[in-house]
Amino acid sequence: MTTTETTGSQGATAPQDDLLDIRHLKMYFPVTAGVFRRKVADVKAVDDVSLTIRRGETLAIVGESGSGKTTLGRAILRLYKPTAGEIWFDGTDLANMKPGGLKPYKQRMQIIFQDPYSSLNPRLSAGSIVGEPLQVHNLTASRGEYNDRVAQLFSTVGLNPNMVNRYPHEFSGGQRQRIGIARALAMQPEFIVADEPVSALDVSVQAQVLNLLDDLQDQFNLTYMLVAHDLSVVRHTADRVVVMYLGKIVELSSVKDLFENPVHPYTKALMSAVPIPDPTVEATRQRQILVGDIPSPVNPPSGCVFHTRCPIAIDDCRGDVPELREITPDHWAACIRV
Amino acid sequence: MATLIEVRNLRTTFFTDEGEVHAVDGISYDIQEGEFVALVGESGCGKSVSALSIMRLVPYPPGRIVGGEIIFNGKDLLKQNEREMRATRGGEIGMIFQEPMTSLNPVFTIGVQISETVRAHMGVDKQTAHNRAIELLEMVGIPRAADRMGDYPHQFSGGMRQRVMIAIAISCNPKMIIADEPTTALDVTIQAQVLELLQDLAKQLGTAVLLITHNLGVVARYANRVNVMYAGKIIEQGTAEDIYHKSKHPYTLGLLNSVPRMDLESGLGARLQTIEGQPPDLLNVPKGCSFNPRCRFVVERCYSDEPVLMPVGEGHTSACWEWNRVGTTQAIEERA
């Protein structure tokens, strides 16, 4: 079952096997002041974002702090009630659904958190953490079936099933992240938001977890939304990439196209800022260093939000909000200068 | 160029209830005047403790420097008394830490914190120190420097705070700056700004930099020479070129192969090379070579004899019995 309406801003090129279709999603958080918590402003964490996620792909959301990438992931999972917009998941709009109706959909979408230290309850055994969703949703008929399923999930993520009775502090960072992954897989979801799944891990352990996520995607036909700030990880893992800046999409394209032909000045600057682990490459590399700080999302710049730091900004950039336009087939950018 | 600092067989141990942790276990390296040297390794390898040891800032108890020498500018820092050490710290050696919010005092203005350092080390009057502080803020690229002297740390962004830390570090014209993960807490575009600034100022002032980091990209861009640490020891030393292109240690090689690269297409279904297992618990380091449980080149001898740094090229050393077998061609094949 897929949506029959025309898809969002990516127009006619989006194929019909979209698992998710996000339209004009806005997620504002109120800023309050005074004793009466009077609302004085909004943090526009996600501001009019439209995108589709295709079945079986890895869509990466890239951005710096304050770009809204994490909020976008959580709003899609309906961990927040969006301020406005639509979230079409397999033909159903989740954005305006009551919490009670969401339960069957929440089984089909899961999240893996960034910090494997704070995302696991220290008072529960690893087995209980992984098995909790099975109990909440009554997915196993007997104690025996429950135990088998937990053991099986442990094996799936490369943990020894003998370790079910251990507590989180007895595991290393990489193993904890595996527990978090096993917990997400317990529901047999179709869609997983992986929010910075490896950024808290050491380099040598990062590769192990990235390979595991890759294997699981093939094995269970999963669709991933990978929220990340590390462009190297994104290039290795993603099929398509969304670049966000201050709550807005600035560029969207296939991973190959984005890294070989970035068009938005922010994307270019972001790539330029990442040092390459090769001294020979770095010795000759021309870098473009952005000036200034990321503006506060409470009070974003007018017009194009990037104009305060943009090396090619002109007067018009201060006035109009640039539309996300298709620059070349399937390659979208929000900039009037390209 | 003359040798500025020579660390010889430094050993720092933490005496904990569970046992002795040899966080820094006999490391030796040197830094020439004006040189940019990196100390690279994963968490828990002892790289930060080795920097704290140079400054004699290892918290005691439980930690203590139990052996070695740190010859800085002709004198052994480990033999200095506390008063002499205070003059060295911040005076001859500047420091930049990872978390700029916790290393600045939240209840004093930026201006006071910079001029205090200047007054303490240079013995100048208040007005001179104030002017020097403004000059320093301008040097590190803080706009409207004079106006911002009265601001508190929370009024600065993360990148700006790290600029203030750099201003304090260079305030007394140090011969060396120790930068411990200076940009890890910052966004990538801000990280680039801060590191370029640090490099430019170091060049301009002729200051040597010891950069402690886990980021292999940052090392490749900025470091002249590299020390790779694993489980409290330096396991490979050489120029950036040696380390990245001619590595003779299985750990270094494994680390380089496990990082995805932004500038290379990984190809469909490509898997990352991994180093199996975890870095060792320092309470319980394997006998022989501490890397032996994770090593693909391991032989009998690695389980009994601990390798020391052996010369494997001009200015290039590796602590691996089997360094001959760890080669460039292999690295390339594995990458491809």
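Computed from a predicted model, the values in this text were never measured in an experiment. (Residues numbered from 1 in each chain as written. Chains lettered and ligands numbered in written order. Predicted model: local features only at pLDDT ≥ 70, side-chain atom pairs only at ≥ 80, totals over all residues.)

1. Some details on the overall build of chain B
Right, on to step 1. When you go through chain B residue by residue, the secondary structure sums to twelve helices and twelve strands.
Right, on to step 2. Considering only C-alpha atoms, chain B reaches an extent of 65 × 50 × 40 Å along its principal axes.
Right, on to step 3. Taking the intrachain contacts of chain B between residues at least 6 apart in sequence as the baseline, contacts between residues at least 24 apart amount to 64%. (Helix = DSSP H or I, 4+ residues; strand = E, 2+ residues; numbered from the N terminus. Contact = placed C-beta atoms within 7 Å.)

2. Looking at the confidence of the model for chain B
A low pLDDT score tells you not to read the predicted coordinates there in detail.
Right, on to step 1. Chain-level pLDDT for chain B is 90 on average; 96% of the residues reach the 70-or-more range.
Right, on to step 2. Every residue in residues 329–336 of chain B scores below 50 in pLDDT, and together they form six contacts with partners more than four places removed in sequence or on other chains. (pLDDT = per-residue confidence, 0-100.)

3. Side note on the interface of chain B and chain A
Right, on to step 1. Residue-level contacts link 39 residues of chain B with 37 residues of chain A.
Right, on to step 2. If you list the elements that add at least two residues to the side of chain B that touches chain A, you get α8 (188–205), α9 (216–222), α10 (240–245) and α11 (250–258) of chain B.
Right, on to step 3. It is α8(B) that contributes the most residues to the side of chain B that touches chain A, seven residues altogether.
Right, on to step 4. The class makeup of the residues in the side of chain B that touches chain A is 16 nonpolar, 14 polar and nine charged. (Nonpolar A, V, L, I, M, F, W, Y, C, P; charged D, E, K, R; others polar.)

4. Some details on the environment of B:Thr88
Residues and elements named next belong to chain B.
Right, on to step 1. As for its placement among the helices and strands, Thr88 is situated in helix α2 (residues 82–88).
Right, on to step 2. Considering only alpha carbons, one finds Thr88 and Leu77, eleven residues apart in sequence, at a separation of 8.7 Å.
Right, on to step 3. Those residues within four positions of Thr88 in sequence are excluded, and the remaining contacts are Leu77, Gln80 and Ile93.

5. A few points about the domain arrangement of chain B
All names here are of chain B.
Right, on to step 1. For chain B, the domain assignment lists domain 1 (3–223) and domain 2 (230–262 + 272–335).
Right, on to step 2. Here domain 1 and domain 2 have C-alpha centroids that lie 28 Å from each other.
Right, on to step 3. Contact with domain 1, which involves 19 residues of that partner, is made by 14 residues of domain 2.
Right, on to step 4. Secondary-structure elements contributing two or more residues to the side of domain 1 that touches domain 2 are β2 (19–32) and α9.
Right, on to step 5. By residue number, the principal contributor to the side of domain 1 that touches domain 2 is β2, which donates nine residues.
Right, on to step 6. When grouped by side-chain class, the residues that make up the side of domain 1 that touches domain 2 number ten nonpolar, six polar and three charged. (Domains from an automatic or database assignment.)

6. Observations concerning the sheet that holds strand β1 (residues 3–16) of chain B
Neighbouring strands of a sheet are bound in pairs by backbone hydrogen bonds; such pairs are parallel or else antiparallel.
Residues and elements named next belong to chain B.
Right, on to step 1. Spatial ordering of the open sheet is given by β2-β1-β4-β5, a layout of four strands whose pairing is antiparallel. This sheet does not close on itself; its edge strands, each paired only once, are β2 and β5 (75–76).
Right, on to step 2. Across eleven bridges, the pairing between β1 and β2 is antiparallel. Bridge pairing links Thr13 to His22 in β2. (Pairing = 2+ DSSP bridges.)

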